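Report on the structure
Listed here are the chains, written in short residue letters.
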Amino acid sequence: MNKQLPKILDATCGGRSIWFNKNNSNCLYVDKRIENHTKIWQSKVTGKERFIDVKPDIVADFTDLPFPDNSFYLVVFDPPHLIKLGENAWLKKKYGKLPENWKTLIHDGFSECMRVLKPNGTLIFKWNETDIPVKDIIDACGTEPLFGHKSGKQSKTHWLCFMKIRET
């Protein structure tokens, strides 16, 4: 890539659901899929429809990012977190599904996100522990977060903060 990269990388952007500004010019949005699903779910009570539109700036797998080392000041990592999903489930369409070798996938994805992070840069890792406890994810990453916060209706979503400490 010859062009200067933005300061922020969302390595697993999906439908950009965590972003207030879904087209933030300081962020490069990456996902391994391009998908558009209309009416993936409809409420029987209100008739409201859910849809998902996955349109990354760059199509790439988070375990093999096409960027040089030390490229971004901030990396957002919100990988798929569910393993118990049917192939046509709307949550699979929205978030993706983890494979059986999820420990390796999470480890490799975390390592790749840290590789492209600048020294002293920040990695924000979002994880929902519906199927896999956050302690198992931290074990797979091999690094303790600096701090984190639980959120959501059942406090199952964890926001974890890591920093790439400059090596001296």
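The following refers to the structure shown. Counting starts from 1 at the beginning of each chain's written sequence and moves along it residue by residue. It should be noted that, the model being predicted, local features are given only for residues of pLDDT at least 70 and side-chain atom pairs only at 80 or more, the latter also being counted only at that level, while totals for whole chains, interfaces and linings use all residues. Side-chain calculation: all heavy atoms of the structure are included, whereas hydrogens and water are not.

Side note on a nonpolar patch on the surface
Together, Leu146, Phe147, Met163 and Ile165 give the surface a local cluster of nonpolar side chains, amounting to about 420 Å² of exposed area. Note on placement: Leu146 falls in the loop between helix 3 (134-141) and strand 8 (147-151). For Leu146, a relative accessible area of 53% corresponds to the exposed category. The residues that make up patches have over 30% relative accessible area and no salt bridge, and they are joined within 9 Å when like-charged or within 5 Å when they are Val, Leu, Ile, Met, Phe, Trp or Tyr. A 1.4 Å probe and the Shrake-Rupley method give the accessible areas. Residues count as covered only by the protein chains that appear here. Take a side-chain nitrogen of Lys or Arg and a carboxyl oxygen of Asp or Glu: if they are within 4 Å of each other, that pair is a salt bridge. Secondary structure counts use DSSP, requiring at least four H or I residues in a row for a helix and at least two E residues in a row for a strand, with both numbered from the N terminus. Working definition: with a 1.4 Å probe on protein chains only, accessible area under 20% of the residue-type maximum means buried, over 50% means exposed, and in between means partly exposed.

Examining the nonpolar core
Here, nonpolar core refers to any group of buried Ala, Val, Leu, Ile, Met, Phe, Trp, Tyr and Cys residues whose side-chain atoms link them within 4.5 Å. Core analysis: the biggest nonpolar cluster contains 32 residues, and Leu9, Phe67, Ile106, Leu123 and Phe125 have the highest contact counts within it. Ranked by the residues each element gives to this core, the list is headed by helix 2 (residues 102-116), at seven residues. The criterion used for residue contact is that any of the two residues' heavy atoms lie within 4.5 Å. Once you skip the residues sitting within four places of it in the chain, Phe125 turns out to touch Phe77, Pro79, Ile106, Phe110, Ile137, Cys141, His158, Trp159, Leu160 and Phe162.

Brief notes about unusual backbone geometry
Despite not being glycine, Asn120 has its phi angle at roughly 70 degrees, a positive value. Structurally, Asn120 is set in strand 7 (residues 117-128). The class of Asn120 is partly exposed, set by a relative accessible area of 38%.

Side note on the pattern of salt bridges
For the structure shown, the criterion picks out 10 salt bridges. Here Asp53 and Lys55 are joined by a salt bridge, their closest N and O atoms 4.0 Å apart. For Lys55, a relative accessible area of 53% gives the class exposed. The salt bridge partner of Glu112 is Arg115, with a shortest N-O separation of 2.8 Å. One end of the pair is Glu112 and the other is Arg115, both in helix 2 and three residues apart, which spans about a single turn. Taking relative accessible area as the criterion, Glu112 reaches 11% and is therefore assigned buried. Under the relative-accessibility criterion, Arg115 is labelled partly exposed at 22%. It is possible to trace a salt-bridge network through shared partners that takes in Asp31, Arg33 and Glu35.

Some words on the packing of helix 2 against helix 3
Working note: a packed helix pair is described by the angle between its axes plus the distance between those axes. Packing of helix 2 against helix 3 brings their axes to within 8 Å, and their N-to-C directions diverge by 60 degrees. With respect to helix 3, the axis of helix 2 lies oblique. As helix 2 packs across helix 3, the resulting crossing turns out to be right-handed. Counting all contacts with helix 2, which are made through Trp102, Lys103, Ile106, His107 and Phe110, the residues of helix 3 involved are Asp136, Ile137, Ala140 and Cys141. Under the scheme applied here, ten amino acids are nonpolar (Ala, Val, Leu, Ile, Met, Phe, Trp, Tyr, Cys and Pro), four are charged (Asp, Glu, Lys and Arg), and all others, including Gly, are polar. Of the residues contributing to the contact of helix 2 with helix 3, the split by class is six nonpolar, one polar and two charged. Lines fitted to C-alpha atoms define the axes, with helix axes restricted to the stretch in contact, and inter-axis angles between N-to-C directions lie between 0 and 180 degrees. These descriptions rest on fixed angle ranges, namely under 35 degrees for roughly parallel, over 145 for roughly antiparallel, 65 to 115 for roughly perpendicular, and the rest for oblique. Each crossing is labelled by how the near helix is turned from the far one, with a counterclockwise turn of less than a right angle marking it left-handed and a clockwise turn marking it right-handed.

Considerations on the side chain of His158
Along the chain, His158 turns up in strand 9 (residues 157-163). Residue His158 is classed as buried on the basis of its relative accessible area of 6%. Looking at His158, its side chain comes within polar contact range of the side chain of Glu129, at 3.0 Å. For His158, the residues in contact, after removing those within four places along its chain, are Phe125, Lys126, Trp127, Glu129, Val134, His149 and Lys150. Between N or O atoms, a polar contact is any pair within 3.5 Å; within protein, one atom must be a potential hydrogen donor and the other a potential acceptor, and residues adjacent in sequence are included only when both atoms are from side chains.

Considerations on helix 2
A rise of 1.5 Å per residue sets the reference length of helix 2, with its 15 residues, at 21 Å; its end C-alpha atoms lie 21 Å apart and thus fit the reference within 8%. The complete set of buried residues in helix 2 reads Trp102, Leu105, Ile106, Gly109, Phe110, Glu112, Cys113, Met114 and Val116. Looking at the buried residues of helix 2, the elements they touch are strand 1 (8-10), strand 6 (72-77), strand 7, helix 3 and strand 9. Working rule for helices: expected span equals 1.5 Å times residues minus one.

A short note on the sheet that holds strand 8
Between any two strands, at least two bridges found by DSSP are needed for them to pair. Strand order in the open sheet made by the seven strands is 5-2-1-6-7-9-8, with mixed pairing throughout. Of all the strands in the sheet, just strand 5 (58-59) and strand 8 have a single pairing partner and so form its edges. Pairing geometry for strand 1 and strand 6, over three bridges, is parallel. Within strand 6, the position partnered with Ile8 by the bridge is Leu74. Of the strands in this sheet, strand 1, strand 6, strand 7 and strand 9 are in contact with helix 2, which crosses strand 7 at around 150 degrees. This element, helix 3, spans strand 7 and strand 9 of the sheet and lies at about 150 degrees to strand 7.

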